[in-house]
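A closer look at the structure
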Amino acid sequence: MNASVLKTLFSDAAYAALAPLFALGIGALAVLVAGLFPLGKVARAVLVLLTLLAAAALNVGMLLGDSVPGLVLDGTFVADRTTAMWGVIFTIGVGLAWLFSRHYYDEDASHQNEHDVLMLASALGMSLMAGARDLIVFFIGLELLSIPLYALAAFRRNRAKSVEAGLKYFLLGAFAAGFFLYGSALIYAVSGTLKLDVFADPASRAKILESPMALVGVAMLTGSLFFKISVFPFHLWVPDVYEGSPTPVTGLMATGTKAAAFAFLLNALLALPSSTSTSLAIIALITMALGNLGALVQQDVKRMLAYSGIAHAGVVLLGIAGAVAGDPKQGGAVQAALFYMAAYVATAGGAFGVLALLERDGERMTTLEGLKGLGQRRPYLAAALTVFMLSLAGIPATGGFLGKWMVFSVAVRAEMIPAAVVGVLLSVVALGYYLRVIIAMWMQEPGEDSPLASTRAIALPATLASAACVALVLVMGLAPRWFLDHM
Amino acid sequence: MQYELVLLTFLPLLGALAIAFTPKGAERLQRLAALATTLVVAALGVRLFLAYGDSGSDQGRFLFELPWFSLPSSYGADTAVNFKLGLDGVSLLMVTLTAVLMPIVILSTWGHVHKRVKEFMVWMLVMQTGMLGTFLALDLVLFYFFWEISLIPLYFLIGIWGGERRLYATVKFFLYTLAGSLVMMVAIIWILWTRGTSDVFELINILCRAPLTEQLWLFAAFALAFGIKVPLLPFHTWLPDAHTEAPTSGSVVLAGVLLKMGTYGLVRFCIHMLPGAAVEAAPVMMALGAIGILYGALLAWAQDDLKRLIACSSVSHLGYVVLGLFALTPAGINGGMLQMVNHGISTGLLFLLVGMIYERRHSRALDAFGGVAVAMPLFALFWVITTLSSVGLPGLNGFVGEYLVLVGAFQASPLWAIVGLSGVIFGAVYMLMATRRMLFGALDKPENRELTDLNAREIGLMLPLVALVVWLGVSPNTFMAKTQPSIEMVNLRIAEARRAALAGLDAAPAAPASQREESAR
Amino acid sequence: MLPPPSHAWLWWIPLLPLIGSALCGALHLATLSARKRDPQAKGLAGLAPLIACAAMAGALALAVKGFLDLRALDAAARVLNSPAWEWITVGDPRQPWFDVDLRLVLDPLSSTLGLVITGVGLLIHIYASGYMKGDAGYAKFFAYLNLFVFAMLMLVLSSSLLGVFVGWEGVGLCSYLLIGFWYEKGWPAEAAQKAFITNRVGDACFLIGSFLLLRLFGTLDMHEIVARMGSDFRLDAIDENVKLNIALAALFLFGGCCGKSAQMPLFTWLPDAMAGPTPVSALIHAATMVTSGIYLVVRLNPLFASSPAVMTLISGVGVATALIGGSTALVQRDIKKVLAYSTVSQLGYMFLGLGTGAFGAAVFHLVTHAFFKALLFLGAGSVIHGMHEEQDMHKMGGLRKHMPQTFATFLAGAAALSGLPLMSGFFSKDEILAHTFNSGGVYYAFWIVGVLTAAMTAYYTWRMVALTFFGPERFDHHHVHPHESPAVMTVPLMVLAVLSVLGGVLGLPPVFHAAHALNDWLAPVVAPGVAILNQLHPHEHLSHATEWVLLGLGAAVALAFAHTGFRTYAAGPEPDLAIGRGAPGVAAFLGDAWSIDSAYSRVVILPLRVFAFVVRFIVDQVVIDGLVNGAGSLAKNLALRARGMASGQLDAYALWMGGGAAVISLWWMWS
Amino acid sequence: MNVPSEHLFFLSAGLFSLGVLGFLVRRNVIVTLMCVELMLNAANLAFLAASRMHSTPEALDVQGPVFSIFVITVAAAEAAVGLALVIALYRLKQSVESDSASEMKG
């Protein structure tokens with residue numbers, strides 16, 4: 001390998017493309033190193049914040065800039081407006097999780113530094129996944145995201161639930177990774193390449209997919225991605241892991257991980273033959289049904305939101321199925337999924353964040369019983385959670401509504417109207433449990449054993465984060481033009 | 001650009017925001033602020049009504065239009081979704097009714113809302129914005145926005161200030177109505193994608209030429225959403241529950257305005273936008289309307305809870321509206337439109353009255369009363385006037401609408417008109433039964449002896465409505481003259497569709513190219 | 001066609017009572033608020049009768065002016081037209097799809113009715129100011145009464161069928177309010193409800209009739225309809241389908257008349273309506289409202305005349321109602337009930353006459369009946385008043401000594417009702433029977449029943465007179481002190497007595513070689529119908545000889561049965577008890593008006609009520625709402641089942657994943 | 001030595017299946033972890049086999065070997081995290097059976 005090759009590989013465009021990743025990576029290392037020095041809490045926080053802001057700024061710069069680097073590194077990584085938008089979404093997701101984690105681990109505060117590093121590393125993984133045009137790159141990104149999350153899930157290692165969550169996530173995640181690798185190997189065996197652009201040309205795609213081996217490979221790959229985005233029948237880990245993990249981490253899993261997996265899935269769409277659209281749609285509908293039904297009987301709001309997340313994954317998958325079937329609108333599915341996930345990150349991130357805040361008052365606060373009368377005790381928190389619930393339910397004036405609209409639009413455009421109708425009707429079931437949260441907060445008096453009014457003030461970072469989520473959700477619902485134009 | 005409609009629509013929301021930031025205990029301030037806001041809105045509404053002449057553009061007046069965002073369409077350019085508000089003959093009466101009814105409703109809360117006043121007023125005002133927006137929106141997406149948003153305030157109003165089974169009722173209401181709306185959403189998505197515009201009047205011009213099968217599918221989706229909202233038999237079961245549990249003011253708004261969103265939608269979209277399908281589906285819709293009249297009346301007759309009885313009577317009365325609209329004759333449509341207003345006024349009054357007696361007696365069971373007229377003669381006076389308006393006595397508002405509906409329906413289908421006519425009889429049966437059991441007879445129950453008659457506030461808030469009852473009954477032309485040009489446009493479309501159907505043609509499918517030209521305007 | 005609308009003053013005829021009503025209503029409200037401070041306060045309620053009577057007098061004066069104006073015109077041109085109130089306009093006002101213009105039209109028919117309404121009405125108002133004195137709702141009563149007169153005048157003056165309907169329902173409303181005037185007693189409220197709802201059944205028929213007319217003629221203006229019946233709707237110019245539609249319209253309109261005029265099968269409300277104060281019974285349930293059905297048929301006479309089957313039906317219904325009413329009146333103990341069933345019966349006569357095409361005769365009987373039945377009701381009211389609200393004739397007797405003026409006037413009314421020779425009722429009833437006899441065919445049977453009913457009428461009338469005013473005094477002297485009513489009540493009685501006795505001069509039979517004033521007066525109105533009837537089956541006028549025979553027969557029957565009735569009961573009510581002992585079944589059957597009302601309760605109302613509950617509890621709650629709630633519980637059940645999937649076991653989760661991947665692979669390979 | 005590539009694929013498929021099966025039936029978390037390793041290495045084998053298939057004597061297809069190296073690296077990291085979790089589990093439950101980590105369900 002000579003210098004000229006390296007020069008073409010690491011061109012200016014490549015540096016530009018990778019700049020956000022560098023920012024995150026350097027930041028993560030810096031925070032890690034900073035842990036060695038007796039720096040104040042604030043200083044370390046500033047460091048994390050700076051890292052995230054830098055990454056976000058670089059992404060936004062790419063989003064608004066005149067030109068984008070495009071495919072770099074021999075076509076294994078892409079940096080365009082879409083990945084930049086994903087990058088913004090990831091940084092927001094991680095930033096939210098980080099902000100809400102500020103005062104979460106009172107008893108484990110000594111490891112806050114490691115926690116922050118892991119979070120930043122996972123952000124790096126997400127960005128890598130979103131830009132990956134090569135299975136190797138994607139795998140590295142995936143593991144860079146997953147391994148920190150395994151650790152984060154079990155971060156409260158003195159609690160059985162947390163460790164159980166970490167273990168389950170880890171084992172099943174590794175299991176899924178095995179599928180991913182084997183699937184990649186099969187595709188590689190047939191096509192002779194690990195780059196995704198081999199699927200871009202319809203002729204070569206058709207040739208590859210003629211081979212059953214490649215089809216099995218694609219199926220295994222898809223299955224492992226389904227695991228990350230929590231689609232039936234790969235979704236079962238989600239409730240347990242979400243429930244057991246520390247709530248800010250759950251928020252991160254629900255938002256960032258899922259968004260990253262979707263980002264790659266949309267890139268990998270080309271690999272899926274249009275004949276799979278029916279099966280994808282059916283899987284999507286089953287996922288929505290199981291997610292919504294599962295949530296319907298939960299008492300713990302965290303677990304309920306886990307199931308709700310499954311259902312939401314089903315919704316996006318329906319859009320993807322539409323795209324696979326043939327969305328006459330070029331890039332429509334990507335736009336829809338981006339918008340949907342952006343709204344979902346703000347919404348679910350905010351919702352888990354509020355739950356994290358409530359949890360400090362005692363574990364039971366995240367149950368429906370514990371939420372009773374919250375509207376009277378803490379009207380602002382309750383109002384924020386209400387907005388999030390309405391957005392999750394897809395009620396207008398929230399980002400969730402327009403996201404739902406756009407995703408179902410994809411299905412309608414692909415003329416999968418029966419699936420779209422069943423899908424929207426399943427979201428009525430979903431409303432059933434979102435309303436229960438609202439009912440508990442506003443319409444029921446606190447029970448006898450409900451927690452008393454908390455005297456603890458809410459920390460500034462969390463307040464800011466919640467307010468930002470509410471604002472984002474509402475802006476996306478009411479004035480979505482900017483987002484739509486940039487997605 | 002004219003800002004009247006924006007002001008009208010969002011003034012309540014501003015008021016709500018202002019009230020939200022008042023201190024917690026300042027109930028008097030909150031009540032007065034809400035009242036003041038709604039009074040200003042009512043004044044604006046009346047001004048618009050008066051300024052709305054009987055000639056002018058029929059594609060929306062006082063137009064306000066701002067580009068909002070765009071969504072994909074099957075044409076090169078994206079579908080521009082505009083924030084477009086406009087008033088026309090179809091929405092005029094409903095907008096005015098919404099504006100005028102709200103101060104009355106707010107004033108009525110003095111008597112029955114004692115907890116969490118601030119929140120109550122906020123939700124009431126938010127609801128007004130939602131309702132006005134629904135009626136004024138001349139963009140399909142915007143319409144859907146407001147349509148769904150207006151569910152939330154009522155959800156809270158019933159859920160927080162409702163009766164014993166309020167949670168059941170409010171969830172049922174929300175889920176049921178939403179289920180229908182979501183199917184409509186799919187239809188709207190389809191329209192936007194295939195037609196490349198979301199402007200209501202453009203779509204009205206485009207979709208009437210859509211193939212009949214497509215029209216019928218779209219019709220089914222829209223009619224389901226509106227039918228549930230109306231509510232049309234057999235989708236009505238949420239209504240009695242919601243009404244029974246809602247606080248008085250919630251019931252008044254629900255009956256007075258919210259249900260009309262459904263009938264408004266039927267006129268605006270199912271009939272005007274999809275005339276071909278409307279002509280095809282008219283027999284079914286008329287049948288549902290007519291059977292609904294009878295069914296609701298029988299249901300009401302078998303109730304012992306006063307409020308539930310009136311709720312069931314709503315099913316019956318709205319059956320008239322649907323019967324009239326889908327007669328698809330000028331008389332029927334005019335009657336249906338008028339009947340919407342009439343029902344809003346008279347059923348609103350009935351709910352107010354039930355609320356007033358409930359505040360005093362804490363019971364709504366018919367058996368708990370008897371001889372109330374002796375203790376509360378003024379209450380009895382208002383009740384009887386309202387009852388008569390509700391049963392359609394000539395000279396009061398109910399009659400004109402009912403008669404036009406039946407005339408129109410008879411032209412289209414004597415059978416369903418006669419079935420609907422049974423409502424004239426049964427309407428009297430249940431209303432007079434309720435009146436007799438509550439007002440008349442001996443004042444023999446000790447709890448009833450202590451009842452005090454209506455006070456000045458209660459009389460004052462009902463007087464405007466009673467005046468409307470008489471005015472609409474004696475001079476309906478004041479109102480019909482204004483709506484007439486717009487309804488004439490609907491009639492034209494129906495006539496075209498009828499001709500097409502008679503000619504045995506699938507409503508001539510226009511070439512996509514010409515549609516594009518039209519939408520490109 | 002109508003003359004130009006130049007008589008705006010016509011509006012004042014109904015408006016004066018309306019204003020009076022509003023003023024009296026205001027007085028009542030003022031009284032109510034005064035009573036809040038002092039429960040015994042009367043406030044200004046005492047002014048109410050003055051206002052009401054003034055309004056009535058004004059209306060009467062205008063009606064008289066109208067009558068005189070009409071008289072001054074040529075017979076063919078006797079129509080006064082008022083400007084229209086454009087009530088309902090659907091579509092462009094210049095070329096509406098459908099419009100209703102309310103205009104008032106005074107012609108000989110509406111003028112006659114208007115005079116009766118305002119004239120008899122005024123007398124009853126005056127009477128009521130004495131009768132109702134001291135009642136808590138004194139002012140309210142006059143507000144209702146004036147409102148009634150307004151509605152009744154709208155009914156007879158409107159040229160549009162919908163205008164008629166305004167009055168039609170308006171009088172129904174006032175009837176409801178006035179029957180239930182003493183609602184705190186309970187049963188008047190029930191009677192009121194029954195009256196309103198039974199009338200509504202008729203009103204629904206009326207509406208169907210109006211729809212059919214609208215479909216046929218494209219207008220609801222009755223003068224136009226009548227005119228067109230003579231032009232483009234001539235029987236020889238239309239096909240069977242149109243004929244059928246005309247017949248249907250006539251049939252449904254007659255259905256409406258059955259409700260309002262208490263004919264079979266809808267007559268059952270009228271006897272119950274006696275729960276109202278007696279002046280109400282006199283005004284509404286004898287003199288005016290119940291005759292609106294007759295008015296409507298006469299007004300639309302060519303329409304009815306064109307459908308012979310409907311005409312026969314009208315006669316049949318009329319005569320059947322007459323028989324049922326008359327026979328029921330035979331055994332009633334309540335004096336007002338006797339009069340009520342008598343009214344039902346007399347209305348039956350009027351319809352019998354209408355069915356034979358004797359429109360003039362029917363109106364003639366309407367007018368005389370208004371006089372004598374109002375008189376009898378007011379007399380009965382005077383008796384009841386004097387007897388401290390006692391209505392049972394078995395507890396009366398010998399009252400002629402205590403209330404001489406009432407007694408004397410009552411006798412005049414009884415004579416007229418029973419058709420004693422030369423009384424007003426004699427001529428009007430005879431004219432109807434003569435027409436029936438002359439119609440031949442099935443009408444002979446009707447005639448026989450008519451004569452039979454006439455006999456019954458004479459019998460029960462004089463039974464009533466005997467039981468009330470003759471025989472031993474059967475009341476408790478300690479508690480009841482019968483007394484004559486004040487002048488304000490007896491003077492109207494006297495006026496009415498004079499009218500009852502002399503009313504016959506309006507329509508002397510041809511054999512008297514005098515002009516039949518009323519028939520001549522009404523001729524322009526009824527001419528189209530009569531022409532059609534003559535065209536359908538021309539028949540000769542009765543010969544003078546036959547007419548003498550019929551007159552004689554009528555007189556003989558009346559005298560004989562009046563005598564029998566009087567003699568049987570002159571000594572007291574024992575014969576009643578004897579019938580009760582001898583033939584309890586018959587007595588009960590007749591006393592209960594042939595058990596028709598209870599049959600309705602069993603066959604119509606009860607099943608409907610049961611059906612309503614079935615709808616509520618089974619159809620609505622179990623089936624429809626069951627489906628809705630079922631969807632909810634289905635979701636919940638499914639959810640509980642789906643829950644088992646998440647067992648918490650790692651290997652189970654992995655199995656799902658592995659299996660899922662395998663299935664997806666196979667699926668994709670296979671498809 | 002000229003083993004046909006197909007044989008290598010069969011071997012790797014067998015190893016992978018073995019890993020999956022082991023994952024499914026064994027309860028001991030450490031054994032499960034080993035099974036995962038087996039799956040990863042089966043994939044590695046497949047990568048290398050494929051690489052051999054696509055390589056010509058002139059040009060080696062490096063994608064497969066590169067991926068394998070990454071996989072080995074990642075597997076090491078995974079093992080580190082995994083074993084740490086096992087220790088945490090053991091500290092809390094005194095057991096390394098996966099059954100002991102099934103508190104949350106439903």
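Note: the structure precedes this text.
Everything numeric here is computed off the predicted structure, so don't read it as measured data. Position numbers for residues start from 1 in each chain and track the written sequence from start to end. Whichever chain is written first is A, and whichever ligand is written first is 1; the rest continue in order. A pLDDT threshold of at least 70 governs which residues receive local features in this predicted model, and a stricter bar of 80 or more applies before side-chain atom pairs are shown or counted, although totals over entire chains, interfaces and linings include all residues. Based on all heavy atoms of the structure, the side-chain values leave hydrogens and waters out of the count.

What to know about the overall build of chain A
Segments assigned H or I by DSSP are reported as helices when at least four residues long, segments assigned E as strands when at least two residues long, and all are numbered from the N terminus. A count of helical and extended segments in chain A gives 21 helices and 2 strands. Every radius of gyration here is taken over C-alpha atoms, with the globule rule written as 2.2 Å times N^0.38, N being the number of residues. Since a compact globule built from 487 residues should have a radius of gyration of about 23 Å, the 22 Å found for chain A is in line with a globular shape. Taken over the C-alpha atoms alone, chain A extends approximately 70 × 60 × 40 Å along its principal axes. Every one of the 487 residues in chain A was classed for burial, and the buried ones make up 70%. Contact definition: two residues touch when any of their heavy atoms are within 4.5 Å. Across chain A, contacts joining residues at least 24 apart in sequence account for 80% of those joining residues at least 6 apart. Counting every atom, chain A has about 14,300 Å² of accessible surface; 67% of that belongs to carbon and sulfur. We score Asp and Glu as negative and Lys and Arg as positive, and we do not count His or the chain ends. Working definition for charges: the position is that of NZ of Lys, CZ of Arg, CG of Asp or CD of Glu. If the 29 positive side-chain charges of chain A are averaged to one point and the 28 negative ones to another, these points end up 2 Å apart. Only protein chains enter the accessibility calculation, which uses a 1.4 Å probe; a residue whose area is less than 20% of its type maximum is buried, one above 50% is exposed, and one in between is partly exposed. To measure how exposed things are, a 1.4 Å probe is used in the Shrake-Rupley method; for residues, cover is taken only from the protein chains shown.

Details of the overall build of chain B
Within chain B one finds 22 helices and 2 strands. Radius of gyration (C-alpha) of chain B: 22 Å, near the 24 Å computed for a compact globule of 521 residues. On the principal axes, the C-alpha backbone points of chain B span a range of 75 × 55 × 40 Å. Across the 521 residues in chain B, those meeting the buried criterion constitute 73%. Accessible surface, chain B as shown: approximately 13,800 Å² in total, 67% of it carbon and sulfur. Positive and negative side-chain charges in chain B, numbering 33 and 32 respectively, have mean positions lying 5 Å apart.

Considering the side chain of C:Ser292
Inspection of the secondary structure puts C:Ser292 in helix H11 (residues 292–299). Whenever two N or O atoms come within 3.5 Å, that pair is a polar contact, provided that in protein one can donate a hydrogen and the other can accept it, and provided that, for residues adjacent in sequence, both atoms are side-chain atoms. There is a polar contact of 2.3 Å between the side chain of C:Ser292 and the backbone oxygen of C:Met289.

Some details on the interface of chain C and chain A
Listed per partner, the contact involves 24 residues of chain C and 35 residues of chain A. The term buried area refers to how much accessible surface (probe radius 1.4 Å) is lost by two components on association, counted for both of them together. Across the chain C/chain A interface, buried area totals approximately 2,700 Å², and carbon plus sulfur atoms make up 84% of it. Together, C:Leu650, C:Met657 and C:Trp668 form the three largest contributors to the area buried by chain C at its contact with chain A, with a combined 29%. Salt-bridge detection follows one rule: a side-chain nitrogen of Lys or Arg within 4 Å of a carboxyl oxygen of Asp or Glu. Inspection of the region where chain C meets chain A yields 0 salt bridges. Ranked by residue count, the leading element in the side of chain C that touches chain A is helix H25 (residues 650–670) of chain C, at 13 residues.

A closer look at a nonpolar patch on the surface
All names here are of chain C. Like-charged residues are merged into a patch within 9 Å and nonpolar side chains (Val, Leu, Ile, Met, Phe, Trp, Tyr) within 5 Å, provided each residue has over 30% relative accessible area and no salt bridge. Residues Leu606, Val610, Phe611, Val614, Phe617, Ile618, Val622 and Val623 make up a contiguous nonpolar surface patch of about 690 Å² in total accessible area. Residue position: Val614 is located in helix H24 (residues 596–643). According to the relative accessible area criterion, Val614 is partly exposed, its value standing at 31%.

Section: the pattern of salt bridges
According to the stated counting rule, one finds 39 salt bridges over all chains in the structure shown. Its salt-bridge partner being A:Glu164, residue A:Lys168 comes within 2.8 Å of it at the nearest N-O pair. Placement of both A:Lys168 and A:Glu164 in helix H7 (residues 160–191) is noted, with a separation of 4 residues, approximately one turn of the helix. A salt bridge links B:Asp88 to B:Arg268; its shortest N-O distance comes to 2.8 Å. Residue B:Asp88 is located in the loop between strand E2 (79–87) and helix H3 (89–112), and its partner B:Arg268 is located in helix H11 (residues 248–271); the two are separated by 180 residues in the primary sequence. Across the pair, B:Arg268 and B:Asp88 agree in class, each one buried.

Considerations on the interface of chain B and chain C
Contacts between the two partners involve 65 residues from chain B, matched on the other side by 54 residues from chain C. On the chain B side of the interface with chain C, the three residues burying the most area are B:Trp301, B:Tyr403 and B:Phe410, jointly 13% of the side's total. Run the count over chain B and chain C and you get 3 salt bridges. For the pair chain B and chain C, the number of links is 21 residue pairs in polar contact (both at pLDDT 80 or more). For the side of chain B that touches chain C, the leading source of residues is helix H18 (residues 414–439) of chain B, giving 14 residues. Any residue that is not Ala, Val, Leu, Ile, Met, Phe, Trp, Tyr, Cys, Pro, Asp, Glu, Lys or Arg is counted as polar, Gly included; the first ten are nonpolar and the last four charged. For the side of chain B that touches chain C, the per-class residue count stands at 44 nonpolar, 14 polar and 7 charged.

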